[in-house]
Structure formats: structure tokens, C-alpha cells
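Residue-level structural notes
Now for the letters of each chain:
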Amino acid sequence: MVRCGAAVLRKYSNFIDDLRVYVRGGTGGMGYPNLGGEGGRGGDVWFVARERTTLKSIREKYPQKRFVAGTGANSSVKALKGEKGKDCEVHVPLGISVLDDDGKQIGELNAAGERFLAARGGLGGSLATNFLPCKGQRRSVHLDLKLIADVGLVGFPNAGKSSLLSKISHAKPEIANYAFTTIQPELGKIMYADYKQISVADLPGLIEGAHANKGMGHKFLKHVERTKQLLLVVDISGFQLSMKTQFRTAFETILLLTKELELYKEELVTKPALLAINKMDLPCAKDNLDELMTQLENPQDFFHLLEEEMIPENTLEFRDVIPISTYTGEGIEELKTCLRKSIDEQAEQVNEEYRKKKLLLLQTSK
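Our subject in this report is the structure included herewith. Computed from a predicted model, the values in this text were never measured in an experiment.

About the cut-offs
- Residues numbered from 1 in each chain as written.
- Predicted model: local features only at pLDDT ≥ 70, side-chain atom pairs only at ≥ 80, totals over all residues.
- Heavy atoms only, no water.
- Helix = DSSP H or I, 4+ residues; strand = E, 2+ residues; numbered from the N terminus.
- Buried < 20%, exposed > 50% of the residue type's maximum accessible area, 1.4 Å probe, protein only.
- Expected span 1.5 Å × (residues − 1).
- Patch = residues over 30% accessible without salt bridge, like charges linked within 9 Å, V, L, I, M, F, W, Y side chains within 5 Å.
- Areas by Shrake-Rupley, 256 points an atom, 1.4 Å probe, with all protein chains shown as cover.
- Salt bridge = Lys/Arg side-chain N within 4 Å of Asp/Glu carboxyl O.
- Core = buried A, V, L, I, M, F, W, Y, C linked by side-chain atoms within 4.5 Å.
- Domains from an automatic or database assignment.
- Contact = heavy atoms within 4.5 Å.

Quick word on the side chain of Gln295
Topologically, Gln295 is positioned in helix H6 (residues 285-297). When its relative accessible area of 12% is taken as the criterion, Gln295 is described as buried.

Quick look at the structure:
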């Protein structure tokens, strides 16, 4: 049985992907009844997306996790219209969803510079309010981080995702020969000769039942949502989490990974996907690969041999299947080339769809 010790739990806490904070807009300023003066509006609280920002740094810098905007200036003889209170800007990472306490998404920040109004300031005192100021909006919200990456590595524990990330990028994830080596997401970048960069996220290993939040469950699966493409990494010799769990062949592993993605969110299996068959340096790997390729050509022909709960509604269609060995380096350069080609083709497809929409708008406007 795999046990997560205290040291592992402490390490995972170093990576924060959810933070609950309190926000309050500033109170408005007092009005001036004798001269009909209006108090200034209270300041607003804004979330602003910034690169090189983490939820951990927010928690360390603001341990109280409270953000309050400034109070509006009172109306006076010298200034009948009071000045607006100072806004409070909170820098947050890219890839943030803003959720209310009921779990409803009320905002999203995906690009640097994007802003979200978290709490509006109160109105200043005026004739309409009997010259009394209004309090600002106040509430608690959750900042939910979902990593943004070009490629997300998907696989069961010990499939070799961390080793692969270290081979194809400059990332230095922890690597060891036991399940759950990766207990927090790792980001790396593949650098190409023409200076093109592709970001790759190595995400904590799935286990069966992750869609129901078993193991790291949703902590893993939510990060898959904002990756452009998936790279499934599978051990050619199969996988067994512990002595108490069932052994799964490489083919069964692929189906189970697909099933977990599908049960969590159906649209995940519509993402472009590639398949890396790892550990080709092991004995019998070539024979196992030949059998797997036959199964992948017509997977439905083998469904009758499997348990019904293992079979996904839709199977992933892989753009490329690349045999690799992170131990010997076999297939690594080919994999990098395939990833580049797939990302470029997807970008061209998105650009073409955008051009068609613009052309259609121009035609309809005429």
C-alpha cells in the first residue's frame, strides 16, 4: 500500500491552487447637506492577473487574506464633490477562476493584465441617500488556480512523467522509483532551435476513481482543463498501484485514463492528444508494443474482454503514438518534433477559424 506521510503532505502544501480571501469595497464619503455636496465613492477591490505571481506569495504577503479599499472623501465647503477612495489591486496568477462561497464561477483571469472587479465601493452621501454614505460590497471569494500550459502530461503514478519532463525541458522535478513521486504540479518549457517554446505541465498521477476525488482526484483533473493538448504517458509493461489493486496492461491503462478524464468532464477527451509509450528499454517491450498497436487500431474489438466500468463512452484519437525510453533517451527527439507539429497545426486551425469568422462578419455587415 502506498502511504502519504507527513513530509509528503507538507510538501504538497507548498503548492497552493485554492485560496479563500475576504474583499470589501470602501465606504463612501459623507455628503454636505447645507450645500448639497456629494461624498466621494468608496474605492473598489480589483484582481489583476500578473505573471510570476503565485497564490502562495499572496498568502505569505497577506496572512490575514483581507483586502479592503479606501474610504471616499467627505464633501466639504472647499470640495463639494468628494474624491473617490483609493482602489485596492490584488495581483493574482494567470489561470485564476473566481468563485463565490457557493462554488459558482463569477470571474476568470487568463491573460496578463486582465482585471476582475471583486468588490465595488459604496456610494457617497448625496440627496438620494439623505447625504449619508453607503458601505461597500463585501464578500468572501475563492481564487481557484488551473494551470495554463500547451501540453498536459497525463498518466498513472510511476509512468515516467517526471523523468520525461526532465528530458524534454529545463524543469527539474523530483524523480524516484515509487508511486506518487509527483505530489505537486511541475511546469517546464521545451526550447526549440528557432526559439519557439512549448510549455508542458507534469501533473500529479491519476489513480482509478480520481473523477470521484479519490487520491489527488480533482486537484489533478482541474489542471487538465486549461491545457491545449494532452500527452498520455503509459508504461509499456502495465501498471499496478499496490499489491491490493489489480494489474492493468498498457491498453487497459489508456482506457482507464480516458475514462477518468471523461467522467470528470466530457470535453477533456475532445482535446488533441498524443501517446508516449514509455520504458521501451525493458525486456519484452517490443512484443508488448506490437500487441498494443494492434489493440489501438480497433479498440472496440477488445472491449468484450474488459470489465464494463473500464470502457469509456468515447476513445481518444491520438495524433501520434511515440515509443520512448526516458532511461536511454530513445524517441525523445521524435516526441519533441511531434509535439511541435501538433501545437503548430492546432494554432493554424484556430487562426483559420478566426479568419473565417472575421470574413463572415464583414460579409454580413455589407
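A closer look at helix H5 (residues 250-264)
The first and last C-alpha atoms of H5 sit 21 Å apart over 15 residues, in line with the 21 Å expected at 1.5 Å per residue. Most of H5 sits inside the fold, with 13 of its 15 residues counted as buried.

Re a nonpolar patch on the surface
Residues Leu35, Val77 and Leu80 make up a contiguous nonpolar surface patch of about 270 Å² in total accessible area. Looking at where Leu80 falls in the secondary structure, it is placed in the loop between strand S3 (66-68) and strand S4 (88-92). Taking the relative accessible area as the measure of exposure, Leu80 reaches 37% and is therefore partly exposed.

Focus: the nonpolar core
In terms of nonpolar packing, the biggest core is built from 58 residues, with Val45, Phe47 and Leu232 touching the most fellow members. Top element by residues in this core is H5. It accounts for 7 residues. Split by domain, this core shows at least three residues from each of two domains, domain 1 (18-145) and domain 2 (149-351). For Phe47, the contacting residues outside a window of four places in its chain are Val21, Val23, Val90, Val92, Val98, Leu109, Glu114, Arg115, Phe116, Ala118, Val141 and Leu143. Of all hydrophobic cores here, the second largest spans 21 residues; its members include Ile168, Val200, Val233 and Leu335.

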